[in-house]
Amino acid sequence: NAGVTQTPKFRILKIGQSMTLQCTQDMNHNYMYWYRQDPGMGLKLIYYSVGAGITDKGEVPNGYNVSRSTTEDFPLRLELAAPSQTSVYFCASSRDRGHNSPLHFGNGTRLTVT
Amino acid sequence: AQRVTQPEKLLSVFKGAPVELKCNYSYSGSPELFWYVQYSRQRLQLLLRHISRESIKGFTADLNKGETSFHLKKPFAQEEDSAMYYCALTSYGYYGNNRLAFGKGNQVVVIP
């Protein structure tokens, strides 16, 4: 299994541009998540999904959108990039809720908005 | 709301010395706590979870509900322990899903 795969690894955007961060998992996990990691700030949840067709906002959803049309894919969309969205983005998945289902993370996407 | 506090950003220890990473939490429900680790150029991965009461790579962590703590300990640090460590707390959202709140992380540097 490849686990959780994120693309691209790096991206530089200009203010106002849009882009989609791709995330796919091959573990048939129901739950998927997008986090952003800012220096010295830990990880903050942007959006999550408990299954295909169901998404919900996390802690910091403003400026982002997601969709979950399949179990495998959970893309994150930035419509109008802003410098405040410069961060490292991590996608993760888990089989279920609770202590028996740890999160599996992708390698991250480093995004710079200038 | 849940909150996880890791007070020290950077911890430098000599090889063979004990290492302790502090984690305190606040949560009104029954907590489920984890330690995640990110080695250089690797993805974030689970190190251990309180429910398992296990020792992984020599690390242990005991949940102390009275002190609302879940400190990570290892008696003898090794160079390969140099990494970023995150304490995390599970909470349950509207759909009862597994949502983790992360602390800000501890950068551990083991000096040879």
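My aim in this report is to walk through the structure given alongside it, one point at a time. Just so we're clear, the structure is a prediction, and the values are computed from it rather than from any experiment.

A short note on a nonpolar patch on the surface
Residues and elements named next belong to chain B.
- On the surface, Leu10, Phe14, Val109 and Ile111 cluster together to form a nonpolar patch covering roughly 360 Å² of accessible area.
- Contributing elements (two or more residues each) for the nonpolar patch: strand 2 (10–14) and strand 11 (106–111).
- Tracing the backbone shows Val109 in strand 11.

Considerations on the pattern of salt bridges
- Overall, the coordinates contain seven salt bridges over all chains when judged by the stated rule.
- The shortest N-O distance in the salt bridge between Lys44(A) and Glu59(A) comes to 3.6 Å. Here the residue Lys44(A) occupies a position in strand 5 (residues 42–51), and Glu59(A) occupies one in the loop between strand 6 (54–57) and strand 7 (64–66), the gap between them amounting to 15 residues.
- Where Glu79(A) meets Arg77(A), a salt bridge forms, and the shortest distance between an N and an O atom there is 3.3 Å.
- The class of Arg77(A) is partly exposed, set by a relative accessible area of 29%.
- Each member of the salt-bridge network shares a partner with another, and the members are Glu20(B), Lys22(B) and Lys73(B).

Some details on the nonpolar core
- In terms of nonpolar packing, the biggest core is built from 25 residues, with Leu21(B), Trp35(B), Leu47(B), Leu48(B), Phe70(B), Leu72(B) and Tyr85(B) touching the most fellow members.
- Mapped onto this core, the elements with two or more residues apiece are strand 2, strand 3 (19–21), strand 5 (32–38), strand 6 (45–49), strand 9 (83–92) and strand 11 of chain B.
- Residue contributions to this core peak at four residues, all from strand 9 of chain B.
- Other than its neighbours up to four places away in sequence, Leu72(B) contacts Val19(B), Glu20(B), Leu21(B), Trp35(B), Leu47(B), Leu48(B), Phe59(B), Thr60(B), Ala61(B) and Tyr85(B).
- Counting residues in each nonpolar core, the second largest holds 20 residues, with Tyr48(A), Ala92(A), Ala88(B) and Phe102(B) among its members.

Quick look at the layout of surface pockets
- When its volume is computed, the largest pocket comes out at roughly 620 Å³.
- What lines the largest pocket is a set of 27 residues, among which Gln37(A), Val88(A), Phe90(A), Arg110(A) and Gln38(B) lie closest to the centre.
- Elements represented by at least two residues in the lining of the largest pocket include exactly strand 4 (31–38), strand 9 (87–94) and strand 11 (109–113) of chain A together with strand 9 of chain B.
- Element by element, the count of residues in the lining of the largest pocket is highest for strand 11 of chain A, at four residues.
- Here the residues of the lining of the largest pocket sort into nine nonpolar, 13 polar and five charged.

Cut-off values and rules
- Residues numbered from 1 in each chain as written.
- Chains lettered and ligands numbered in written order.
- Predicted model: local features only at pLDDT ≥ 70, side-chain atom pairs only at ≥ 80, totals over all residues.
- Heavy atoms only, no water.
- Patch = residues over 30% accessible without salt bridge, like charges linked within 9 Å, V, L, I, M, F, W, Y side chains within 5 Å.
- Areas by Shrake-Rupley, 256 points an atom, 1.4 Å probe, with all protein chains shown as cover.
- Salt bridge = Lys/Arg side-chain N within 4 Å of Asp/Glu carboxyl O.
- Helix = DSSP H or I, 4+ residues; strand = E, 2+ residues; numbered from the N terminus.
- Buried < 20%, exposed > 50% of the residue type's maximum accessible area, 1.4 Å probe, protein only.
- Core = buried A, V, L, I, M, F, W, Y, C linked by side-chain atoms within 4.5 Å.
- Contact = heavy atoms within 4.5 Å.
- 1 Å grid on protein atoms, 1.4 Å probe; cavity = no way out; pocket = protein on both sides within 12 Å on 5 of 7 lines; lining within 4 Å.
- Points joined across faces, edges and corners; volume = space filled by probe spheres on them.
- Nonpolar A, V, L, I, M, F, W, Y, C, P; charged D, E, K, R; others polar.

Without other data, these values stay purely geometric and don't point to any function.
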